[in-house]
Amino acid sequence: MDQVVGSCRQISLTDKILLPYTEAVLLEALRLSSIVPLGLPHRMNEDTIFRGYFLHKNATVISNLWAIHHDPKIWGEDVNEYRPERFLSEDKTRVVRHDSLMPFSADRRQCIGKGLARYTMFLFLANILLKFNIEKEPGCPVMKIEAPIGLLAESRPFNFVLNLRNSKNLVNKKESTLSIQYGCPLRFKISEGAVLPPKLNWKRFNPVLYVFGGGNGIINAQGHVWETQRNFTLRKLRDVGVFKSSIEEFLQEEASSLIKYFELRAGETIPGTKLFNGPVYNALWKIISGESIDWTSPIKPEILKRAENLTESMNQTVLSGLFFAPFLRHIAPGFFGWTSWVNSVKNFFAVTDQAIEAHSET
């Protein structure tokens with residue numbers, strides 16, 4: 001990294017091809033973390049036989065991305081070790097893609113923000129590593145990473161320390177492999193030796209997802225409606241430059257803000273939980289509203305609070321079983337998280353609706 005970039009400028013997206021190990025670090029982190037461990041539900045368009053199992057038309061199929069990313073038949077016996085080299089060529093000069101890595105799901109239903117997410121992660125991580133040495137808080141035990149339970153994987157509370165690097169006096173250290181312990185594997189997986197329950201026959205309508213958008217949007221829509229809305233969304237994202245290198249200047253501003261935030265706290269213990277939510281949500285909020293939030297403020301911006309609450313409420317519907325058994329909302333809506341989820345969606349859209357109204361007035 002020092003040889004490619006030096007210490008006089010920020011790392012840019014054009015440097016990405018010259019930094020294969022940095023890219024491999026990100027890919028391995030995406031594999032191990034599996035941020036959306038079960039992906040999103042998919043619906044069968046017709047009766048299908050998959051590896052001897054009959055899947056009804058309209059059945060809901062959930063792909064266990066966590067199990068795929070932690071299958072020793074695919075990744076080897078060191079599947080639970082953090083080893084970026086598995087994504088590098090033998091001479092370590094280029095990144096090797098793996099078809100079984102699907103952090104953004106697969107096929108046409110994969111996350112349409114995949115490109116933006118990868119640009120953001122690369123610029124954030126690369127510029128942090130260029131500027132700082134990262135260490136865990138002294139005396140703090142190594143955090144175990146376990147199989148997540150929920151729609152989104154969230155990090156446990158942890159602290160770390162950043163110290164400014166001196167690129168002129170770097171000490172070569174032998175790289176070590178980090179062993180990580182995991183909890184029990186999840187239930188279904190689609191990979192070699194996959195096991196699926198026969199006659200998986202859940203209704204495609206999910207009241208939990210329906211609340212988010214009132215049944216509209218590419219998450220809820222099906223068939224021709226989904227096709228139309230997906231094309232519209234992709235076209236609008238292209239219009240604002242999300243799939244172009246022009247988005248880089250926009251992301252570099254957030255990377256600079258993050259670096260300045262860390263520089264002021266160099267040598268101090270920094271709590272890592274939800275730390276990156278601020279710059280990430282700010283980047284998205286700029287695209288949506290054209291406005292910026294001060295995520296470093298002691299008083300958390302309203303859109304940031306409501307977005308985090310939305311994520312937490314969605315996870316609660318999975319943990320309580322409500323997401324998979326929506327009838328529970330009629331039994332005890334408060335206990336199973338239905339009330340919290342509905343309120344968090346309303347509160348989130350209240351802020352976005354205000355931004356839309358402000359734009360329409362101008």
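Residues numbered from 1 in each chain as written. Predicted model: local features only at pLDDT ≥ 70, side-chain atom pairs only at ≥ 80, totals over all residues. Heavy atoms only, no water.

1. Section: the nonpolar core
Core analysis: the biggest nonpolar cluster contains 35 residues, and Val208, Phe262 and Trp341 have the highest contact counts within it. Here the element with the most residues in this core is helix H11 (residues 338-361); it accounts for seven residues. Residue-level mapping places this core at the junction of two domains, with at least three residues from each of domain 2 (112-140 + 213-293) and domain 3 (298-361). Leave out the neighbours within four places in its chain, and Phe262 touches Ile128, Phe132, Phe160, Leu162, Ile270, Leu275 and Phe276. Within the second largest apolar cluster, 14 residues are counted, among which are Leu26, Phe122, Ile247 and Ala283. (Core = buried A, V, L, I, M, F, W, Y, C linked by side-chain atoms within 4.5 Å. Buried < 20%, exposed > 50% of the residue type's maximum accessible area, 1.4 Å probe, protein only. Helix = DSSP H or I, 4+ residues; strand = E, 2+ residues; numbered from the N terminus. Domains from an automatic or database assignment. Contact = heavy atoms within 4.5 Å.)

2. Quick notes on the UniProt feature "binding site: heme" (unreviewed entry) in the protein chain
Mapped onto this numbering, the UniProt entry annotates "binding site: heme" (unreviewed entry) at Cys111. Mapped onto the elements of the fold, Cys111 is located in the loop between strand S5 (81-82) and helix H4 (114-131). In this structure Cys111 comes out as partly exposed when scored by relative accessible area, which is 40%. (UniProt positions renumbered as here; feature names shortened; annotations may be inferred.)

3. What to know about the pattern of salt bridges
Overall, the coordinates contain 13 salt bridges when judged by the stated rule. Note that Arg86 and Glu28 form a salt bridge whose closest N and O atoms lie 2.9 Å from each other. You can see Arg86 sitting in the loop between S5 and H4 and its partner Glu28 sitting in helix H1 (residues 20-33), a full 58 residues away along the chain. Using a relative accessible area of 12% as the deciding quantity, one classes Arg86 as buried. Its relative accessible area of 0% is what places Glu28 among the buried residues. Measuring nitrogen to oxygen at the nearest pair gives 3.2 Å for the salt bridge that ties Glu263 to Lys131. Here Lys131 lies in helix H4 and Glu263 lies in helix H7 (residues 247-263), a separation of 132 residues in the sequence. Note on Glu263: relative accessible area 33%, which makes it partly exposed. (Salt bridge = Lys/Arg side-chain N within 4 Å of Asp/Glu carboxyl O.)

4. Details of H7
Here H7 is 17 residues long and its end C-alpha atoms lie 25 Å apart, about the 24 Å a rise of 1.5 Å per residue gives. All buried positions along H7 are accounted for by Ile247, Glu248, Phe250, Leu251, Gln252, Glu254, Ala255, Leu258, Ile259, Tyr261 and Phe262. Here the buried face of H7 lies against H4, strand S6 (132-136), strand S7 (159-164), strand S9 (269-271) and helix H8 (277-289). (Expected span 1.5 Å × (residues − 1).)

5. Quick word on the packing of aromatic side chains
Under the definition given, this model contains nine aromatic pairs. When the ring of Phe132 is compared with that of Phe262, the centres are 6.0 Å apart and the planes differ by 85°; the resulting orientation is edge-to-face. Here Phe132, found in strand S6, pairs with Phe262, found in helix H7; they are 130 residues apart in sequence, far enough to count as distant. You can call Phe132 buried: its relative accessible area is 1%. Given the relative accessible area of 1%, Phe262 is considered buried. Aromatic rings pair up to connect Phe132, Phe160, Tyr261, Phe262, Phe276 and Trp295 into one cluster. The positively charged end of Arg31 is found above the aromatic ring belonging to Trp75, 5.3 Å away from the centroid. (Phe/Tyr/Trp six-rings, centres within 6.5 Å; stacked < 30°, edge-to-face > 60°. Lys NZ or Arg CZ within 6 Å of the ring centre and 35° of its normal.)

6. Details of the confidence of the model for the protein chain
For the protein chain, per-residue confidence averages 79 on the pLDDT scale, and 83% of positions sit at 70 or higher. For the protein chain, per-element mean pLDDT is lowest for strand S8 (residues 178-179), which scores 33, and highest for helix H3 (residues 72-75), which scores 94. Low confidence marks residues 168-203, where pLDDT is under 50. Its contacts with residues over four positions away, or in another chain, come to 82 contacts. (pLDDT = per-residue confidence, 0-100.)

7. Side note on the packing of H7 against H8
At a minimum axis separation of 10 Å, H7 and H8 run at an interaxial angle of 145°. In this structure, H7 meets H8 at a crossing whose hand is right-handed. When H7 is examined against H8, the residues Ile247, Phe250, Leu251, Glu253, Glu254 and Leu258 are found in contact with a partner set consisting of Pro279, Asn282, Ala283, Lys286 and Ile287. (Axes fitted to C-alpha atoms, helices over the stretch in contact; angles between N-to-C directions. Left-handed = near helix turned anticlockwise from the far one by under 90°.)

8. Quick look at unusual backbone geometry
Of note in this structure, Ser34 is not a glycine but carries a positive phi near 45°. Within the element layout of this structure, Ser34 appears in the loop between H1 and strand S1 (42-43). In this structure Ser34 comes out as buried when scored by relative accessible area, which is 2%. At Arg51, a position not held by glycine, the phi torsion is positive, near 50°. Considering the arrangement of structural elements, one finds Arg51 in the loop between strand S2 (48-50) and strand S3 (53-55).

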